[in-house]
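A structural walkthrough
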Amino acid sequence: MREPHDADTEADLAAAVAEGDRDAFRLLYRHYAPWLTARLRHRCADDSLLDDIVQETFLDLWRTCAAGRQQQVADMSGWLWRIASRRLADQARASGARSRLQQALRRLRTPVEPSAEERALADGRHGDLADALARLPVDLRHVMQATVVDGLTVRQAANVLGVPPGTVKTRAMRARTLLKQELEGPAVAARPERRER
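What this report covers is the structure whose coordinates are included nearby. Bear in mind that the values here come from a model prediction, so they are computed numbers and not experimental data.

Details of the overall build of the protein
- The number of helices and strands found in the protein is nine helices and zero strands.
- Reading the helices (α) and strands (β) of the protein from amino to carboxyl end gives α-α-α-α-α-α-α-α-α.
- Among the 197 residues that make up the protein, the fraction classed as buried is 28%.
- Considering only contacts within the protein whose residues lie at least 6 apart along the sequence, 61% involve residues at least 24 apart.
- About 13,200 Å² of surface is accessible on the protein, with carbon and sulfur atoms providing 52% of the total.

Overview of the pattern of salt bridges
- In this structure the tally under the stated criterion is eight salt bridges.
- Among the ionic pairs, Asp60 bridges to Arg63, the shortest N-O distance being 3.3 Å. With Asp60 and Arg63 both in helix α3 (residues 47-66) and three residues apart, this pair spans about one turn of that helix.
- A cluster of three or more residues bridged by salt bridges with shared partners is formed by Glu56, Asp60, Arg63 and Arg87.

A few points about the environment of Ala157
- Position of Ala157 among the secondary structure elements: in helix α8 (residues 154-161).
- The class for Ala157 is buried, based on a relative accessible area of 0%.
- When the C-alpha positions of Ala157 and Ala146 are compared, they lie 5.7 Å apart, and in sequence the two are eleven residues distant.
- The contacts of Ala157, once residues within four sequence positions are left out, are Ala146, Thr147, Leu152 and Val168.

Details of the packing of helix α2 (residues 22-41) against α3
- For the pair α2 and α3, interaxial distance at closest approach is 10 Å and the crossing angle is 140°. In terms of orientation, α2 lies oblique with respect to α3. With respect to the hand of their crossing, α2 and α3 are arranged in right-handed fashion. Facing α2, whose interface residues are Arg22, Phe25, Leu28, Tyr29, Tyr32, Ala33, Leu36, Thr37, Leu40 and Arg41, α3 presents Asp47, Leu50, Ile53, Val54, Gln55, Thr57, Phe58, Leu61 and Trp62.
- Of the residues that constitute the contact of α2 with α3, the class distribution is 13 nonpolar, three polar and three charged.

A word on the packing of aromatic side chains
- Enumeration over the complete set of coordinates arrives at four aromatic pairs.
- Seen in terms of ring centroids, Tyr29 and Phe58 are 4.8 Å apart; in terms of plane orientation they differ by 70°. Their pairing is edge-to-face. Here Tyr29, found in helix α2, pairs with Phe58, found in helix α3; they are 29 residues apart in sequence, far enough to count as distant.
- We classify Tyr29 as partly exposed; its relative accessible area is 27%.
- A relative accessible area of 2% places Phe58 in the buried class.
- Where Tyr32 meets Trp35, the ring centres are 6.3 Å apart and the plane angle is 75°; that geometry is what we call edge-to-face. With Tyr32 and Trp35 both in helix α2 and three residues apart, the pair spans about one turn of that helix.
- Taken together, Phe25, Tyr29, Phe58 and Trp62 form an aromatic cluster joined through their ring pairs.
- The ring of Trp81 carries the charged tip of Arg39 above its face, separated from the ring centre by 4.0 Å.

Conventions we followed
- Residues numbered from 1 in each chain as written.
- Predicted model: local features only at pLDDT ≥ 70, side-chain atom pairs only at ≥ 80, totals over all residues.
- Heavy atoms only, no water.
- Helix = DSSP H or I, 4+ residues; strand = E, 2+ residues; numbered from the N terminus.
- Buried < 20%, exposed > 50% of the residue type's maximum accessible area, 1.4 Å probe, protein only.
- Contact = heavy atoms within 4.5 Å.
- Areas by Shrake-Rupley, 256 points an atom, 1.4 Å probe, with all protein chains shown as cover.
- Salt bridge = Lys/Arg side-chain N within 4 Å of Asp/Glu carboxyl O.
- Axes fitted to C-alpha atoms, helices over the stretch in contact; angles between N-to-C directions.
- Parallel < 35°, antiparallel > 145°, perpendicular 65-115°, else oblique.
- Left-handed = near helix turned anticlockwise from the far one by under 90°.
- Nonpolar A, V, L, I, M, F, W, Y, C, P; charged D, E, K, R; others polar.
- Phe/Tyr/Trp six-rings, centres within 6.5 Å; stacked < 30°, edge-to-face > 60°.
- Lys NZ or Arg CZ within 6 Å of the ring centre and 35° of its normal.

Here is the structure:
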């Protein structure tokens, strides 16, 4: 069997999938899934989400062909890309709505306590805070920008920055520690040192 990049072969494979040919489907999947995943990765760094979207896209291909509408899939790569990119956009919208709902519910359950950053801004020390933020290493500054200034969740920040969620949490913790040391630095330095006995 020829490779499925040639138009008449794609049409033949889609027709075979419409007849329930799992080998034809497997061939299309092996050929297009790596390409589709690589292309989607430019828009999303969450590998598990990408896997889900690719799987759902190929399920759509199977269903479309099984319903006898394989002529809709004449341009296989274009069709797969349109379906996958729509699914990615749907996931992003659903994730954002779900996150906003969770935050609203969390606020109803627990009283909102201002963060260290918000307290510093309220105390009028934003000049010091801005200077301290500017002195942070770039990777830590980007995490603070995403999570504090932009208000993104850890998962959203991880997607935007292209790093795992655990890395976002670690960098945020390091950034807060450095900011606290910078902002409290003179007060800590003025305290007398304890002597060992």
